[in-house]
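An overview of the molecular structure
Here is what each chain is made of, one letter per residue.
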Amino acid sequence: MGQSDDVVGPWALRGDLPIAGDFNRDWIKDDVGVFRPTERNWYFDYFRDGTTDRKMGPWANRDDLPIAGDFDSDGFADDVAVFRPSDRGWYFDYDANGGTNKVIKPWGRQGDLPIAGDFDKDGYYDDVGVFRPSETKWYFDYDA
């Protein structure tokens, strides 16, 4: 404990925002990706070998905060979403193809940090939450 077990890279750029999921649909949530706000593009490295295996976009806005999960409940954590603090909206792309499939708003606040998980314990990684640093509290939405 307290030491790195693996190091990959360099891959991605300074300012990219990381996500993790099962983007190659092999049933293992071990793939990494980044949202690059400057381009509004998404890059995926399926094997954590420092190689871009797929690029998607542009999709989302520069100030959006990315998450990944199984928002369409198909069993694969290969969907991407963003929390947009400017309108307190959540935008979901179920197949990571650059199209918005669902929007939920308003929920959350400026300054909130988004997360995804199986918080209702139904077996799907399809719930969203935020950590609100100003209150040091967590808020969850099981119906995203």
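Our structure's up above, just so we're on the same page.
For clarity, every value in this text was computed on a predicted model and none was experimentally measured.

Details of the pairing of strand β2 (residues 31-36)
Counting buried residues in β2 gives 5 out of 6 residues, a clear majority hidden from the surface. Pairing analysis gives 5 bridges linking strand β1 (residues 17-21) to β2, with the strands arranged antiparallel. Bridge pairing in β2 links A20 to V32. Sheet topology places β2 next to strand β3 (residues 41-45); 5 bridges connect them, and they run antiparallel. Across the sheet, V32 pairs through a bridge with D45, a residue of β3. Hairpin connection from β2 to β3: 4 residues lie between these consecutive antiparallel strands, with R40 at a positive phi of about 65 degrees.

Let's talk about the sheet that holds β3
Strands sit in the order β1-β2-β3-β4 across an open sheet of 4 strands; the sheet is antiparallel. What marks the edges here is a single partner per strand, and that holds for β1 and β4 (54-56). With direction set aside, neighbouring strand axes in the sheet form an average angle of 25 degrees.

Quick notes on the pairing of strand β11 (residues 137-141)
For strand β10 (residues 127-132) and β11, the ladder comprises 5 bridges, and the chain directions are antiparallel. Directly across from V128, in β11, lies its bridge partner D141. Once β10 ends, the chain turns through 4 residues before running back antiparallel as β11, passing T136 with a positive phi of about 50 degrees.

What to know about the packing of aromatic side chains
Taken as a whole, this structure holds 10 aromatic pairs when the rule is applied. Taking 4.7 Å as the distance between ring centres and 55 degrees as the angle between the ring planes, the aromatic pair formed by F119 and F140 counts as tilted. With a gap of 21 residues between them, F119 in the loop between β9 (113-117) and β10 and F140 in strand β11 connect regions that are remote in the sequence. Taking the relative accessible area as the measure of exposure, F119 reaches 26% and is therefore partly exposed. An aromatic cluster of three or more residues is present, and its members are F35, W42 and W59. In this structure, R84 packs its charged tip against the face of Y91, placed 3.9 Å from the ring centre. Taking the ring centre of Y139 as reference, the NZ or CZ of R132 above it sits at 4.2 Å.

Concerning the side chain of R36
When you line up the elements, R36 lands in strand β2. Take R36: its relative accessible area is 9%, and that puts it in the buried class.

Points about the pattern of salt bridges
One pass over the structure, following the stated rule, counts 10 salt bridges. A salt bridge links R84 to D64, with the shortest nitrogen-to-oxygen separation between them at 2.8 Å. Of this pair, R84 sits in strand β6 (residues 79-84) while D64 sits in the loop between β4 and β5 (65-69); the two residues are 20 residues apart in sequence, bridging distant segments of the chain. Taken as a pair, R84 and D64 share a single burial class, namely buried. Put simply, R109, D112, R132 and E135 are held in one network by salt bridges that share partners.

Looking at the sheet that holds β11
Read from one edge of the open sheet, 3 strands run β9-β10-β11, paired in antiparallel fashion. The open sheet is flanked by β9 and β11, the only strands paired with a single partner. Geometrically, the sheet is characterised by an average inter-axis angle of 25 degrees between neighbouring strands, direction not taken into account.

Reading the values: the criteria
- Residues numbered from 1 in each chain as written.
- Predicted model: local features only at pLDDT ≥ 70, side-chain atom pairs only at ≥ 80, totals over all residues.
- Heavy atoms only, no water.
- Buried < 20%, exposed > 50% of the residue type's maximum accessible area, 1.4 Å probe, protein only.
- Helix = DSSP H or I, 4+ residues; strand = E, 2+ residues; numbered from the N terminus.
- Pairing = 2+ DSSP bridges.
- Axes fitted to C-alpha atoms, helices over the stretch in contact; angles between N-to-C directions.
- Phe/Tyr/Trp six-rings, centres within 6.5 Å; stacked < 30°, edge-to-face > 60°.
- Lys NZ or Arg CZ within 6 Å of the ring centre and 35° of its normal.
- Salt bridge = Lys/Arg side-chain N within 4 Å of Asp/Glu carboxyl O.

Any link to function would need more than the numbers given here.
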